[in-house]
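# Understanding the architecture of this molecule
This is what each chain is made of:
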Amino acid sequence: MNPLLNALLVVVLALNLFALGTSRIVTVIKLVSLQGFLLGLIPLLMEEHLGWSATLASGGAILLKGAIIPFMMLRAMRDVQIKREMEPLIGFLPSMLLGALATGFALLFSKALPLAGEHTTPLLVPAALATIFVGFILLTTRAKAITQVMGYLVLENGIYIFGMLLLGTMPLVVELGVLLDLFVAVFVICIIINHINQAFSSLDTRRLVALKE
Amino acid sequence: MAFVMILFPLFMAAVAAVVPSDRLRPWLLPVTGTIHLGLTLLVLARPGLADTTLWLVLDPLGKIVLLVVSLLFFFCSIHVVGYLKHSHTRSNRVFCACFSAFLGVMTLVTWAHHLGIMWVAIEATTLVSAPLVYFERTPRSIEATWKYLVICSVGIALALLGSFFLAYASLHAGIKPTLAFDELLQQAPYLSKPWLHAAFVLMLVGYGTKMGLAPMHTWLPEAHSEAPAPVSAMFSGALLVCAFLAVLRMYQICCMAGEFTFISPMLIFMGLFAMAVAGVFMVGQKDFKRMLAYSSIEHMGILALGIGIGGAALFGTLLHVVAHGVTKGLLFLSAGNIYHAYGSKNTDEVSGALRRLPLSGTLFLTGFIAIIGSPPFGPFISEFSILNAGFATGHYVASGLFLLLLLVIFIGMGATVLKVVQNREPVSESAPQPVFREGLLTVVPPIILLGLVLLLGLHIPAPLSNLLHNAVDFLEVQP
């Protein structure tokens, strides 16, 4: 129906896989910010006539996801002095394969979903599901706090893509998604203030005893 | 009225942020608590005040939760003054401001009659309460705060996706989508079923994370045990119940859509699973504040089980919201006193609390007897009525497991509590402990809470009973 929109979503999906496959944190931040920028373009492609809501959604997303948050992340990265994701729970290649599998699954699964007539052709629903899943993989398998936050951002992007289905009818509710970015901001502030390198900051033996139960 | 009740604590938070004196600032909290409690009682007494706008309505369910939140905050705010006196080493500016704002956003949760506003309010509770967990600034409290933020934010994200799914359910059915609660209740029977189911699952998982249902509960023991005692009491008795209210909203929509048979087994399973997880971790638990946190998970499980059984169990479930809140307030506040007197939460180092702190030790022990559901206290009545309803509606397996798990939890919890209160005091080898004396501020709130727990067990006051019956009627309205 909308070839440009579908092409854009395919790029978004590809960015997911790249983000899963790289160990350099700067690259992940750049990939996710590019993804955020592309997502910001979607509202412009969705609406035939540009309303204030679509413009607002688009501008907000580009500014936040594409610029402000990546900038803060880079700043945080400089502060805590880490460059690479060291010990992921699942390796980079396996997690990439898992992401690819999830994407394929999402494509098949969304065929079976009961969708409203105008939503059957664009890739919106499968892209949303796949991105959410990739976000979960990043969030749960990476050890560095910064990469986990990037995972959360990808998860949030997935929800944003799904929100696009509702943009025409309830724009204000869709805008609520922006509030999730507040969390991201808080995370980054946490990292900067406390220099949390890992999700589990203290790794002395006492801590290990506490985790035993 | 809604705006007054929500904005007043936020205003007081702003005042707390500008008051320069660390000694005077905490006294703003009891002032906030008293006025808020007064307003709450006024709203409950005069139903005419309960409607503000279409999106902010205090329905019978919201009234119960608001009562619990406001009551608990009142007692915790008095205790906080004593607590902050004891730990006067650092500035309490952020703490006081956030604690007051916390009350404001929880009030918004109880008034919200629009799932979008409700979602914003629940997210806000996470954001303003994170600095409260962080207050002690130990590495463990940093870790607890981080876990709390990350896990709850994922839950909140899923709840937003659930709200989107719910909106899509009406879009797919060809109705104009809305998230206003009253309109949703009217639309409920016509919503697209698959999307409604998916929305329910996501919201149960999302808000369930905040509520502390296993297996998404992992933030809860950390946050509850690291936060200062009055904060833990608010978390356990009020915050978790606010998330429960969000689950109840979705529950009601599903019931209106005639989907009770779809959601009931899920809720029963989640409830029993939460109880089982709590039971496993409570047995042999050495950290007594952590033990109380697991007890909160158990009781959230009981609430989920109660609405899963539905029908006759609803009255007991809603009563349990009140009874659990009050009892947990009592337990956390007295546990906080014990923690201060010993400087440790580990039962290896804490024993003989009955000798060192006769009042707090007794309160802690009595609170334990109340929370495990023994007569003549409030939780006994509510748990018994849930159990009764379970057997009456033919949920024999679930009710049997419920009893069994209560027994396991009784044993596990009892071992820890008795270690804390009995035996001799530990011999302090080295430096003398920081001297902590029970003051009026730290002991009177739990004593009054104990009185309330006892009152709930002996005779439910008529106004509360009316409130509960109204709420049950409100929940049970069929299409």
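Everything here concerns the structure above.
Keep in mind that this is a model prediction, so the values were computed, not measured. (Residues numbered from 1 in each chain as written. Chains lettered and ligands numbered in written order. Predicted model: local features only at pLDDT ≥ 70, side-chain atom pairs only at ≥ 80, totals over all residues. Heavy atoms only, no water.)

### Description of the overall build of chain A
If you tally the helices and strands in chain A, you get nine helices and zero strands. When the elements of chain A are put in sequence order from the N terminus, they spell out α-α-α-α-α-α-α-α-α. Across the 213 residues that make up chain A, the buried fraction comes to 54%. Sequence-distant contacts, at least 24 apart, represent 79% of the contacts inside chain A between residues at least 6 apart. (Helix = DSSP H or I, 4+ residues; strand = E, 2+ residues; numbered from the N terminus. Buried < 20%, exposed > 50% of the residue type's maximum accessible area, 1.4 Å probe, protein only. Contact = heavy atoms within 4.5 Å.)

### Notes on the interface of chain B and chain A
Listed by partner, the interface residues are 40 residues for chain B and 41 residues for chain A. Note on chain B versus chain A: buried area summed over both sides is about 3,600 Å², and carbon and sulfur give 76% of it. Applying the counting criterion to the chain B and chain A interface returns zero salt bridges. Counting across the interface, chain B meets chain A through one residue pair in polar contact (both at pLDDT 80 or more). Those elements that provide at least two residues to the side of chain B that touches chain A are α5 (115-133), α6 (139-172), α8 (193-211) and α12 (288-309) of chain B. If you tally residues by element for the side of chain B that touches chain A, the top one is α6(B), at 21 residues. Of the residues assigned to the side of chain B that touches chain A, the class counts are 26 nonpolar, seven polar and seven charged. (Buried area = accessible area lost by both parts, 1.4 Å probe. Salt bridge = Lys/Arg side-chain N within 4 Å of Asp/Glu carboxyl O. Polar contact = N/O pair within 3.5 Å; in protein donor to acceptor, adjacent residues only side chain to side chain. Nonpolar A, V, L, I, M, F, W, Y, C, P; charged D, E, K, R; others polar.)

### What about the side chain of S296(B)?
Residues and elements named next belong to chain B. Position of S296 relative to the elements: it lies in helix α12. Among the polar contacts listed, one links the side chain of S296 to the side chain of S236, at a separation of 2.6 Å. Excluding residues within four positions of it along the chain, S296 makes contact with L220, H224, S236, L240, H324, K328 and F332.

### Examining the nonpolar core
Y152(A), L166(B), I253(B) and F364(B) are the most contacted members of the largest nonpolar core, which totals 257 residues. Here this core takes 21 residues from helix α10 (residues 229-256) of chain B, the largest share from any one element. Every residue in contact with Y152(A), bar those within four places of it in the chain, is listed here: L139(A), L180(A), F183(A), V184(A), F187(A), S153(B), V154(B) and A157(B). (Core = buried A, V, L, I, M, F, W, Y, C linked by side-chain atoms within 4.5 Å.)

### Some thoughts on unusual backbone geometry
All names here are of chain B. Put simply, A214 and P215 share a cis peptide bond, and its omega is 0 degrees. Residue P376 is reached from P375 by a cis peptide bond, and omega for that bond is 10 degrees. Topologically, P376 is positioned in the loop between α15 (358-371) and α16 (378-392).

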